[in-house]
Amino acid sequence: MVAIHIVDRRLNPGSKSLENRQRFLRRAKALVQQAVKKTSHDRDIKDVLEGGVVSIPLDGMDEPRFRREGGTRDMVLPGNKKFIEGDMLPRSGGSGGKAGGAGEGDSEDAFRFVLSREEFVDLFLDDLELPDLAKRKLAEVESEGIRRAGYATSGSPANISIPRTVSRAMARRVALRRPKPEEIAALEAELLICGDEARRAELLAEIEALKAKAKRIPFIDPIDIRYRRFETTPKPIAQAVMFCLMDVSGSMTEHMKDLAKRFYTLLYVFLKRRYRHVEIVFIRHTDRAEEVDEDTFFHGPASGGTLVSSALQEMHEIVRSRFRPADWNIYAAQASDGDNSTSDGEVAGRLLTEKILPVSQFFAYLEVGQDAGLTFEMPDSSLWTLYERLRLAGAPLSMRKVCERSEIFPVFHDLFQRRVRQERAP
Amino acid sequence: MTDKRLFQGADWDFPTLQRIHDACEEIAESELGLNVYPNQIEVITAEQMLDAYCSVGMPLFYKHWSFGKHFAYQQASYRKGLMGLAYEIVINSSPCISYLMEENTATMQTLVIAHAAFGHNHFFKNNYLFKQWTDADGILDYLEFAKTYVAQCEDRHGRLAVEQTLDAAHALMSHGINRYPGKKLPDLRVEEKRAQYRRQHEESVFNDLWRTIPTGPVKSVATLSADRRRALLGLPQENILYFLEKTAPRLAPWQRELLRIVRHIAQYFYPQSQTKVMNEGTATYVHYRIMNRLHLQGRLSDGNFLEFLSSHTNVVFQPDFDSKYFSGFNPYALGFAMMQDIERIVTNPEDEDREWFPDIAGKGDTMGVLRDVWANYRDESFISQFLSPRLMRHFRMFHLHDDPAETAGIKVDAIHDERGYRRVRRALSRTYDVGFIDANIEVVDVDLAGDRHLMLRHTVLNGAQLNDTDAKRVLQHLADLWTYNVSLVEVDATGKVLKEYVANPRGLAAVA
């Protein structure tokens, strides 16, 4: 008899290959990234977040070996049906001869595998980061919060946990066999009707003993008492709100809205990765602004003139009433075709620099153009001119022009590109 | 009768596994006379099985991206349902570790225990190739050492440098094998100790002063004659990794150690590639015998036995060459058929068998003969000795000779008839000969006097030259390790040069 061990390894941590997989992804990063971007082009924007199959060219990821090919080959095969010695089999048409050795080598030129959701998004948004603005510090600041942390044997009377205390007391009473009041009551009732002297003495003694025991074992003992315990914990500001402002006046075409939507989605995905909780506020405006739901935002009909200041004013109101800048990281992205009534420029500029920008982490302006248009040919619109002036005056604004879907990602990438300079600063 | 049963239905628990193992062991020892390493049976999940697949089946292995690539690939095809997982993986170590999947039914677990824990285990312990080339006691410790060492190197010298060295070593892995045994049996524990000692020694004698002391005058070139030079370098050398480890001029000590690790692991797997048919044949034969005996003893119900037969039949299925399922000979089918055929020849021979196998025909001691065969042969010699005419007829084997110069087509050189038996058998055994499978590439010379140019030669056999792209890439890796130019000539039997490759070294990542 030799010794035998049976080991249950099922509980061992799986994914031993995880690290190897990450190494592989790191190595194939450039290729995978290309593939990811290509895949995300074909996808509906909502599904961008989902992982999925990507295929990358094998080139550069191969593991070369000395392999031989060609030459005369000899092979022995099973299943002869009609051949006799000396037969010549024609080479073409994949007759029996070829089947033997053809399996060697890599006939595939692409390598397909599945990326998980996290891997996909990571690669998708790799080398992007939130712009390093002065106010970004806020994002790192932690506020104190208190949190329940079990029970303690000491504490303030206000914190006594009654359920916990009572249940402990009950357990103790049961364990120590504290006589129940009903038991005593039953014996006393018996005593009342009992005639037999001997029995009465017996009952009396018993009742006495039970009462003494009940006295010794209190209903609630100090050792039963439990207090709720609280701990203070640092609470990072892990929430962000994203304002989507869009001009929906008649001059905005479906195509322009689509561009804007794509940009918003990217921003959402990006923020989602950084913050635990992200809220979105949609504000659309013509000559007056209103907060709407997503569907109305993108598809609801609206008409009228264009007053950008109305949207900024609305955003300011919402921030003031619902999103305290101390608790929320505020991001805003505005999309417009650039039209604005000339008289509004002054008001909008003031609102932006005085009210909006000081509380926002980031404010991006995206000027969307016609489908066929060329980005560099777009004339500077009234809004663009206004923002450009503010930017040159030192306002932390980011602005880009976009005409085509394919430009969205590069523009987004460009806006959030990791800038090495700031990273180094302590 | 039911109390004799090992289990009912498909469910199993750990006591069942123990009972199954004990029942199998009893039969393996008393009836089959097997001699096995102690068994360790590990139950794992499908995901862990997938993990194991991708580090060449070993329970612990150093980290490298190529394993991740395989994992990504396997996972993708497994998820899509293109691929089933193996029922088991068994490791040539002492104790012999068999991994069983938790999804298997009780019958399958019985089959797998009989197959792996006794069949493969016996083969590992007794076959001469494994005895010669592998150190079952030391392998797990050595892998542990390798894993830690690689991790340490990454910490000290940077991940990139380690990765580049390993990439290069992997490319040359199939040329890092000693094909002729030395006097010493491999002992990986000593190997590990020596590596440790080497490191300690280096550290203890390290003195920065020595680096600045001028070295003595270079020996005059003329004193090194070509013959002496080759003798000193041990040339020609077919173990390229060994050659690099010992003589590459500018490798850091840790790089040499990495080459050594890759080389040892390649060597460890060397016997497995030469004994696929025999190994699977042995294991299949053993499980077949054990399962039948269990059934006869009433310890396996008829239903469970049918379940076994169904998967056994799937395993030993050999499609014909013109079937869409065909992908060469199934080592399980061929191996099992040959083992059964030997049993037949030994116990119940026909005249033909007496003529072909006078040594074993009618000898009567099946297990004695089989154990001897399992111990002393590898696929090539096994087939050339024991493939019987009857089996060739059974498989309807025929031999094709494909000469690209022949325009008329592929010639049927021999078939399963009186004239062809020996030729078919020889041809089949050739296809399992490692000497024919791997390209014959040797280091032939180094230009020590000149630019340290390393020269390799590929002796072309049957006109099969190297794949151009791959050869260039491998040579590039080789040049990176050698750090001077490397050339490879392909020479045919007459000495005519067919093709020449040259590779220049790239700078590897700076060694910290």
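Residues numbered from 1 in each chain as written. Chains lettered and ligands numbered in written order. Predicted model: local features only at pLDDT ≥ 70, side-chain atom pairs only at ≥ 80, totals over all residues.

Quick question: what am I supposed to make of the overall build of chain B here?
Along chain B, the regular secondary structure elements total 22 helices and ten strands. Every one of the 512 residues in chain B was classed for burial, and the buried ones make up 45%. A fraction of 73% describes how many contacts in chain B between residues 6 or more apart in sequence connect residues 24 or more apart. (Helix = DSSP H or I, 4+ residues; strand = E, 2+ residues; numbered from the N terminus. Buried ≥ 20, exposed ≤ 12 C-beta atoms within 10 Å, placed from the backbone. Contact = placed C-beta atoms within 7 Å.)

Teacher, can you tell me more about the overall build of chain A here?
Across its full length, chain A carries 15 helices and 14 strands. For chain A, with 426 residues in total, the buried portion stands at 28%. Counted over contacts in chain A with a minimum sequence separation of 6, partners at least 24 positions apart contribute 79%.

For this particular structure, what's the right way to read the pairing of strand 4 (residues 398-402) of chain B?
Side-chain direction in a regular strand flips from residue to residue, so the side chains alternate between the two faces of the sheet. Among the five residues that make up strand 4 of chain B, four are buried, leaving the element largely enclosed by the rest of the structure. Where strand 4 (residues 73-77) of chain A lies against strand 4 of chain B, five bridges are found, and the strand directions are antiparallel. Paired with Arg73 of chain A across the bridge in strand 4 of chain B is Asp402 of chain B. When strand 4 of chain B meets strand 5 (residues 410-415) of chain B, the two strands line up antiparallel, connected through four bridges. Residue Leu400 of chain B lies in a different strand from strand 5 of chain B, and its bridge partner there is Val412 of chain B. (Pairing = 2+ DSSP bridges.)

Please clarify how the packing of helix 7 (residues 181-193) of chain A against helix 8 (residues 197-216) of chain A should be interpreted in this entry.
In a packed pair of helices, the relevant descriptors are the angle between the two axes and the axis-to-axis distance. All names here are of chain A. Packing of helix 7 against helix 8 brings their axes to within 10 Å, and their N-to-C directions diverge by 160°. Relative to helix 8, the element helix 7 is oriented roughly antiparallel. Here helix 7 and helix 8 pass one another in a crossing that is left-handed. In this structure, helix 7 contributes Glu183, Ile184, Leu187, Glu188, Glu190 and Leu191 to the contact, and helix 8 contributes Arg200, Leu203, Leu204, Glu206, Ile207, Leu210 and Lys211. Residues belonging to the contact of helix 7 with helix 8 are distributed by class as follows: seven nonpolar, no polar and six charged. (Axes fitted to C-alpha atoms, helices over the stretch in contact; angles between N-to-C directions. Parallel < 35°, antiparallel > 145°, perpendicular 65-115°, else oblique. Left-handed = near helix turned anticlockwise from the far one by under 90°. Nonpolar A, V, L, I, M, F, W, Y, C, P; charged D, E, K, R; others polar.)

I keep staring at the nonpolar core and nothing clicks. Help me out?
Inside soluble globular proteins, nonpolar side chains tend to come together where they are buried. Among the nonpolar cores identified, the biggest contains 165 residues, and Cys24, Phe118, Leu258, Ile290, Ile342, Val424 and Leu478 of chain B are the most heavily contacted of them. The dominant element in this core, judged by the number of residues it contributes, is helix 4 (residues 106-126) of chain B, at eleven residues. Ranked by size, the runner-up nonpolar core spans 61 residues in total, among them Ala240, Val248, Leu267 and Ile356 of chain A. (Core = buried A, V, L, I, M, F, W, Y, C linked by C-beta atoms within 7 Å.)

In this structure, what is going on with helix 13 (residues 382-392) of chain A? I would like to understand it.
Note that an α-helix has 3.6 residues per turn; residues three or four places apart therefore point the same way. Residues and elements named next belong to chain A. Of all the residues in helix 13, the buried ones are Leu383, Leu386, Tyr387 and Leu390. The buried residues of helix 13 occupy one face: seen down the axis, they fall within an arc of 90°. When the buried face of helix 13 is taken as reference, the exposed residues oriented beyond 90 degrees from it are Arg389 and Leu392. For helix 13, the elements touching its buried residues are helix 11 (308-322), strand 12 (329-336), helix 12 (345-359), strand 13 (362-368) and strand 14 (398-402). Gly394 sits one or two positions beyond helix 13 and adopts a positive phi of about 110°. (Arc of directions from axis to C-beta.)

Honestly, the pairing of strand 7 (residues 454-459) of chain B in this entry has me stumped. Any pointers?
Residue and element names in this part refer to chain B. Only one face of strand 7 is covered, namely the one carrying Leu454, Leu456 and His458; the face carrying Met455, Arg457 and Thr459 has none of its residues buried. Here six bridges tie strand 7 to strand 9 (residues 486-491), and the two strands are oriented parallel to one another. Within strand 9, the position partnered with Thr459 by the bridge is Val491.

What is the right way to look at the sheet that holds strand 9 of chain B in this model?
What links the strands of a sheet is backbone hydrogen bonding, and the strands pair in either a parallel or an antiparallel sense. Residue and element names in this part refer to chain B. Pairing in this open sheet of four strands is mixed, and the strands run 6-7-9-10 from one edge to the other. On the outer flanks of this sheet lie strand 6 (441-446) and strand 10 (497-503), each paired with one strand and no other. Neighbour-to-neighbour, the strand axes of this sheet turn through a mean angle of 20°, independent of strand direction. Taken together, the six bridges between strand 9 and strand 10 define a ladder with antiparallel strand orientation. In the sheet register, Val491 faces strand 10, and the bridge partner there is Val497. Sitting on the sheet, helix 22 (residues 468-482) touches strand 7, strand 9 and strand 10, and the angle it makes with strand 10 is about 50°.

Quick question: what am I supposed to make of the sheet that holds strand 10 (residues 277-285) of chain A here?
Residue and element names in this part refer to chain A. The sheet built from six strands is open, its strands ordered 11-10-9-12-13-14 with mixed pairing. Lying at the two open borders of the sheet, with one neighbouring strand each, are strand 11 (289-292) and strand 14. Across this sheet, the average inter-strand angle for adjacent strands is 20°, counted without regard to direction. In the sheet, strand 13 pairs with strand 14 via five bridges, with the strands oriented parallel. Considered in strand 14, the bridge of Val368 is made with Val402.

Help me understand the interface of chain A and chain B, please; the structure alone is not making it clear to me.
Interfaces are frequently sized by the accessible area removed from exposure as the parts join. On the chain B side, the residues contacting the 58 residues of chain A number 81 residues. Taken together, the elements giving at least two residues each to the side of chain A that touches chain B come down to strand 1 (4-8), helix 1 (18-27), strand 3 (68-69), strand 4, strand 5 (88-89), helix 3 (96-99) and strand 6 (110-115) of chain A. Sort the elements by how many residues they give to the side of chain A that touches chain B and helix 1 of chain A lands first, with seven residues. As paired strands, strand 3 of chain A and strand 8 (residues 465-466) of chain B are joined by two bridges and run antiparallel to one another.

Help me understand the confidence of the model for chain B in this model?
Interpreting fine coordinate detail is not advised for predicted regions of low pLDDT. Residue and element names in this part refer to chain B. Put simply, chain B has an average pLDDT of 85, and 91% of its residues get 70 or more. Of all secondary-structure elements in chain B, the lowest mean pLDDT belongs to helix 9 (residues 208-212), at 60, while helix 15 (residues 331-347) reaches the highest, 94. Taken together, the chains of this predicted complex give a pTM of 0.69 and an interface ipTM of 0.79. (pLDDT = per-residue confidence, 0-100.)

In this structure, what is going on with unusual backbone geometry? I would like to understand it.
Peptide bonds are trans in most cases, and residues, glycine excluded, mostly fall at negative phi. All names here are of chain B. Cis rather than trans, the peptide bond between Ser94 and Pro95 has omega equal to 0°. Mapped onto the fold, Pro95 is located in the loop between strand 2 (88-91) and strand 3 (96-101). For Arg452, which is not glycine, the phi torsion reads 60° and is therefore positive. For Arg452, the position within the fold is in the loop between strand 6 and strand 7. For Arg452, a count of 15 C-beta atoms within 10 Å puts it in the partly exposed group. Positive phi, close to 55°, is recorded for Asn462, a residue that is not glycine. Within the secondary structure, Asn462 is located in the loop between strand 7 and strand 8. Taking the C-beta count within 10 Å as the criterion, Asn462 has 15 such neighbours and is therefore assigned partly exposed.

Would you explain the environment of His399 of chain B in this entry?
Looking at the element boundaries, His399 of chain B is found in strand 4. For His399 of chain B, a count of 25 C-beta atoms within 10 Å gives the class buried. Spatially, the C-alpha atom of His399 of chain B lies 7.1 Å from that of Ala427 of chain B, the residues being 28 residues apart in sequence. When residues no more than four places from it in sequence are discounted, the contact partners of His399 of chain B are Asp74 and Val76 of chain A together with Asp413, Ala414, Arg423, Val424 and Ala427 of chain B.

Any chance you could explain the confidence of the model for chain A here in plain terms?
All names here are of chain A. Across chain A, pLDDT averages 76, with 78% of residues at or above 70. Contacts for the low-pLDDT stretch residues 93-108, under 50 throughout, to residues beyond four places or in other chains number 21 contacts. Scored below 50 in pLDDT, residues 420-426 makes two contacts in the model with residues more than four places away or belonging to other chains.

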